[in-house]
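# An overview of the molecular structure
Listed below, chain by chain, are the residues.
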Amino acid sequence: KSVQKEAQLVQASKLATLGEMAAGIAHELNQPLNVIKIGSDFLSEMAGNGKSIAEKDLKEVTGEISGQVDRAAAIISHMRDFARIADIEAQEMDLNKPIQDVFKMLGQQLRLREIKWELHIQENLPPIMGDNNRLEQVLINLVTNARDAMEKNPAGAERLLTIHSFTDNNDVVVRVSDTGHGIAANILDRIFEPFFTTKEVGKGTGLGLSISHAIVEDYNGTLTVESTEGAGTTFELRFPVSSRH
């Protein structure tokens, strides 16, 4: 019963995340659609005027249209995969994959808010036991929290999101750091509580971090936080290397 209830909460949180990201995703889809429109208008105009198109130009325009259709389809496919109800069952996975997938969903949103990001990814990480879909949800929660923290920075202040992945002894570690306003020391130990939020009414459910914490624990991992008021916050995900490896 409790597993079913947790799955429902996870799904509700995920759909709330998707709803919040809708504007950014619409913007992501607009770019390939604009390229397709320009290419198809060119072909239509040339055909309408009875002009022949050089083979090189035809290949270039049709290739560009095809590539942009693939790009739009990939964005939609990724949204659909993210929205599906994930299996709780763990399997071997590369923790770098959900990190990279996050930016398919959120990259445009961060650019629009003038937030820079740096990925310092250790190649060929040993596998962990987990679920790509659910751990992507965890990372999306951490990245959106970092985004919200940095949006409050004064004009001209640095807005930098940094994600590191690396091995530490027999663990795989991911650190998500921001240059936001930080978390007050007196509430730092409460941020993983269900329904606890520092955001104004209507801006946060207070479920993101508590559900993220529960998901990470499902895969024998830990989620911890360090923060300095006025200087930024770092969340650390730590998972044991798969014993199958």
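Here, the structure is the one placed above.
Let us look at the structure shown here.

This part covers the overall build of the protein. Within the protein, the secondary structure is distributed over 5 helices and 7 strands. Seen in sequence order, the protein has helices and strands lined up from the N terminus as α-α-β-α-β-β-α-β-β-α-β-β. Per-residue burial over the protein gives 42% buried out of 245 residues. Excluding contacts between residues fewer than 6 apart, the proportion of contacts in the protein whose partners are at least 24 apart in sequence is 75%.

Further remarks concern the packing of helix α3 (residues 96-112) against helix α4 (residues 132-151). Contact geometry for α3 and α4: axes closest at 9 Å, N-to-C directions at 40 degrees. As judged from the angle between their axes, α3 and α4 are oblique. As for how α3 packs across α4, the hand of that crossing is right-handed. Between α3, through K97, P98, I99, D101, V102, M105, L106, Q109 and L110, and α4, the contact on the second element is made entirely by N132, L135, E136, L139, I140, V143, T144 and R147. Of the residues belonging to the contact of α3 with α4, the class tally is 10 nonpolar, 3 polar and 4 charged.

Residues L95, L135, L142, L161, V174, L237 and F239 are the most contacted members of the largest nonpolar core, which totals 39 residues. Of all the secondary structure elements, the ones that give two or more residues to this core are α3, α4, β4 (160-168), β5 (171-178), α5 (208-218), β6 (222-228) and β7 (232-240). A total of 8 residues in this core trace back to one element, the largest contributor, which is α4.

Time to look at the side chain of D131. Inspection of the secondary structure puts D131 in the loop between β3 (128-130) and α4. At 3.1 Å, the side chain of D131 forms a polar contact with the backbone nitrogen of N133.

Attention shifts here to the sheet that holds β7. Hydrogen bonds between backbone atoms are what pair the strands of a sheet, whose relative direction is either parallel or antiparallel. Ordered in space as β2-β4-β5-β7-β6, the 5 strands form an open sheet in which the pairing is mixed. Bordering the open sheet on either side are β2 (116-121) and β6, each of which pairs with just one other strand. Strand-to-strand twist across the sheet, computed as the mean angle between neighbouring axes with direction ignored, equals 15 degrees. As judged from the 7 bridges shared by β4 and β5, these two strands associate in the antiparallel manner. Across the sheet, residue S165 finds its bridge partner in β5, namely V174. Relative to β2, α3 is tilted by about 170 degrees, and along the sheet it contacts β2, β4 and β5. The strands touched by α5 within the sheet are β6 and β7, with β6 carrying the most contacts at an inclination of about 140 degrees.

For α4, with 20 residues, the first-to-last C-alpha span of 28 Å sits near the 28 Å given by 1.5 Å per residue. α4 sits mainly inside the fold: 17 of its 20 residues count as buried. The backbone nitrogen of N133 has a side-chain oxygen 3.1 Å away, supplied by the residue at the start of α4, namely D131.

Enumeration according to the criterion identifies 2 aromatic pairs in this entry. Between F192 and F235, the ring centres sit 6.3 Å apart and the planes meet at 75 degrees, which makes this aromatic pair edge-to-face. Of this pair, F192 sits in the loop between β5 and α5 while F235 sits in strand β7, and the two are 43 residues apart along the sequence. Taking relative accessible area as the criterion, F235 reaches 5% and is therefore assigned buried.

Quick look at the environment of I121 now. As for its position among the elements, I121 is in strand β2. In sequence terms I121 and S165 are 44 residues apart; their C-alpha atoms lie 4.9 Å from each other. The residues contacting I121, other than those within four sequence positions of it, are N96, I99, Q100 and S165.

Let us now look at unusual backbone geometry. The residue N169 is not glycine, and still its phi comes out positive at about 55 degrees. Relative to the elements of secondary structure, N169 occurs in the loop between β4 and β5. Judged by its relative accessible area of 78%, N169 is exposed.

How each quantity is defined
Residues numbered from 1 in each chain as written. Predicted model: local features only at pLDDT ≥ 70, side-chain atom pairs only at ≥ 80, totals over all residues. Heavy atoms only, no water. Helix = DSSP H or I, 4+ residues; strand = E, 2+ residues; numbered from the N terminus. Buried < 20%, exposed > 50% of the residue type's maximum accessible area, 1.4 Å probe, protein only. Contact = heavy atoms within 4.5 Å. Axes fitted to C-alpha atoms, helices over the stretch in contact; angles between N-to-C directions. Parallel < 35°, antiparallel > 145°, perpendicular 65-115°, else oblique. Left-handed = near helix turned anticlockwise from the far one by under 90°. Nonpolar A, V, L, I, M, F, W, Y, C, P; charged D, E, K, R; others polar. Core = buried A, V, L, I, M, F, W, Y, C linked by side-chain atoms within 4.5 Å. Polar contact = N/O pair within 3.5 Å; in protein donor to acceptor, adjacent residues only side chain to side chain. Pairing = 2+ DSSP bridges. Expected span 1.5 Å × (residues − 1). Phe/Tyr/Trp six-rings, centres within 6.5 Å; stacked < 30°, edge-to-face > 60°.

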